Amino acid sequence: IFFAFPHPRILNPPENYSINEKTYGGYVMAKFGGDNWRGNVGVRVIRTDQTSRGNQVFASSPPPNAIPNAFGSFLPIKVERSYTDFLPSANVSFDLDPTLVLRFAAARTMARPDYTDIVPRVSLNPGALTGSGGDPNVDPFRANQYDVSLEWYPDRETIVAAAIYYKDIQSYIVNSTTQEIFPIETNTPNLSRCTLVSGNTFNCLFDINRRSNGAGGSNKGFEVQVQRPLWGGFGVIGNYTFSKAKSDSGDAIPGNSKHAFNLTGYYEAGPISARLSYTYRSKFFIDIDRASPLNQKATQSLDASASYQLMENVWLTADAINLTNDKIEQYAGTTTRPRNIYDNGRQFYIGARF
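Right, let's walk through the structure included here. (Residues numbered from 1 in each chain as written. Predicted model: local features only at pLDDT ≥ 70, side-chain atom pairs only at ≥ 80, totals over all residues. Heavy atoms only, no water.)

### Let's talk about the environment of A162
Looking at the element boundaries, A162 is found in strand β8 (residues 159-171). Put simply, A162 and S82 are 80 residues apart on the chain and 39 Å apart in space, counted from C-alpha to C-alpha. With sequence-adjacent residues up to four places away left out, A162 is seen in contact with V148, S149, L150, E223 and V224. (Helix = DSSP H or I, 4+ residues; strand = E, 2+ residues; numbered from the N terminus. Contact = heavy atoms within 4.5 Å.)

### So, the sheet that holds strand β16 (residues 284-289)
Strand pairing within a sheet occurs via backbone hydrogen bonds; the two strands may be parallel or antiparallel. Read from one edge to the other, the open sheet built from 4 strands follows the order β16-β17-β20-β21, with strand pairing classed as antiparallel. This sheet does not close on itself; its edge strands, each paired only once, are β16 and β21 (338-342). Shown here is a sheet whose adjacent strand axes are inclined to one another by a mean of 20°, direction ignored. One ladder, built from 2 bridges, connects strand β17 (residues 292-296) with strand β20 (residues 328-331); its direction is antiparallel. Bridging across to β20, N295 finds its partner in Y331. (Pairing = 2+ DSSP bridges. Axes fitted to C-alpha atoms, helices over the stretch in contact; angles between N-to-C directions.)

### Quick notes on the pairing of strand β7 (residues 141-152)
Note that strand β4 (residues 100-111) and β7 share 12 bridges and pair antiparallel. Paired with L102 across the strands is L150, a residue of β7. Across 11 bridges, β7 lies against β8 in antiparallel orientation. Note on β8: the bridge partner recorded for A143 is I169.

### A look at the packing of aromatic side chains
In this structure the tally under the stated criterion is 9 aromatic pairs. With a centroid separation of 5.7 Å and 25° between ring planes, the pair formed by F222 and F242 is classed as stacked. Taken together, the positions of F222 in strand β12 (residues 217-231) and F242 in strand β13 (residues 234-247) put the pair 20 residues apart, joining distant regions of the chain. Judged by its relative accessible area of 34%, F222 is partly exposed. Considering the side-chain rings of F261 and Y278, the 5.8 Å spacing of their centres and the 45° angle between planes classify their relative orientation as tilted. Of this pair, F261 sits in strand β14 (residues 259-269) while Y278 sits in strand β15 (residues 272-281); the two residues are 17 residues apart in sequence, bridging distant segments of the chain. What makes Y278 partly exposed here is its relative accessible area of 25%. Three or more aromatic residues link up through ring pairs in this structure, and these residues are F32, W37, F94 and F104. The ring of F284 carries the charged tip of R281 above its face, separated from the ring centre by 3.7 Å. (Phe/Tyr/Trp six-rings, centres within 6.5 Å; stacked < 30°, edge-to-face > 60°. Buried < 20%, exposed > 50% of the residue type's maximum accessible area, 1.4 Å probe, protein only. Lys NZ or Arg CZ within 6 Å of the ring centre and 35° of its normal.)

### Quick look at the nonpolar core
The biggest cluster of nonpolar side chains holds 11 residues, and these are V57, F74, V122, L129, F182, I184, C194, F202, C204, F206 and I208. Those elements that place two or more of their residues in this core are β9 (173-185) and β11 (201-213). When sequence neighbours within four positions are dropped, the list of residues in contact with F206 reads L124, N125, P126, L129, T130, T178, Q179, E180, F182, I184 and R193. Counting residues in hydrophobic clusters, the runner-up holds 5 residues, among them I169, Y172, I253 and F285. (Core = buried A, V, L, I, M, F, W, Y, C linked by side-chain atoms within 4.5 Å.)

### Re the side chain of N219
Here N219 shows up in strand β12. Exposure remark for N219: the relative accessible area of 11% places this residue in the buried category. With sequence-adjacent residues up to four places away left out, N219 is seen in contact with Y165, Y166, K167, I169, S243, K244, A245 and N256.

### Details of the pattern of salt bridges
Under the counting rule described, the total for this entry stands at 14 salt bridges. Here D287 and R211 are joined by a salt bridge, their closest N and O atoms 2.5 Å apart. Separated by 76 residues along the polypeptide, D287 in strand β16 and R211 in strand β11 bring together distant segments of the chain. An identical accessibility class is assigned to D287 and R211; each is buried. The salt bridge involving K297 is made with E329; its shortest N-O contact spans 3.2 Å. Within this pair, whereas K297 is found in the loop between β17 and β18 (299-311), its partner E329 is found in strand β20, the two being separated by 32 residues in sequence. Under the relative-accessibility criterion, K297 is labelled partly exposed at 32%. (Salt bridge = Lys/Arg side-chain N within 4 Å of Asp/Glu carboxyl O.)

This is how it looks when you write it as structure tokens:
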């Protein structure tokens, strides 16, 4: 049997990239304490060496060393950078009585960008004249954070706790929209944004979502949690978080929901273990997408799990996810401009663990 393909396979250079990241770190810590109190203080130092490789596409006048391709002339790019973070932290706990603990904590934290955030490339959608790209010089998430908590342990299986926190956000990662020119082949060009090169090849103005650093900001709020056995193997676990985040520029900070809570009922007795959990998260801003904000409506899910210990080293398991069959709905700035609806359905699993 012979297969004939009308067109050969051609590598799309912007989608071919690599990231190499090497980190070197160490820390020092001192512990201290006395009667009914204890703590530690220290600092972690981390150096990151980052190498990003990608391919840059040229709309016109490519350099002499550019490589011709059906998707346009492109030039391999290699970007190297290094940065060092000093991350101090301190923690102190006081036993107000045998069941009550007061804690204080302060730290500087860092989280590196995703690999796709730091790729020197652009992925294009010629039909909509939009695209997305990375930036090798994007800085990590960095924040100075402080929190105070009060925890009550009336017995070995119960906790009632509350905490307040404040995060001074130094940098975060978000999309910004830039306009850049790239070549496309089309018979129906948008003449308001495209200029003819030759034949059906045009240089067109694209709206590109580039990864960039936000101006900084703050996040403050509180959280409460309860875990308590009730009767005969039944118990309850609950938590709630209030989070108020804002950036220095007034823009929304990606991924922050003002309200989030979880309520779980459980049964633990003999060979049987079972849980029923309800999770809720209020609406939040995802990112800038195709030159407009992308938001997500509040989400909720009811999940269940159970296991039965058949013998000493064998368990039978069952799980159910999204029993209420809720959908994920996303919109552009306002709910009257829907963008995506994800109907993931209910999911059921059965299994055995040895």
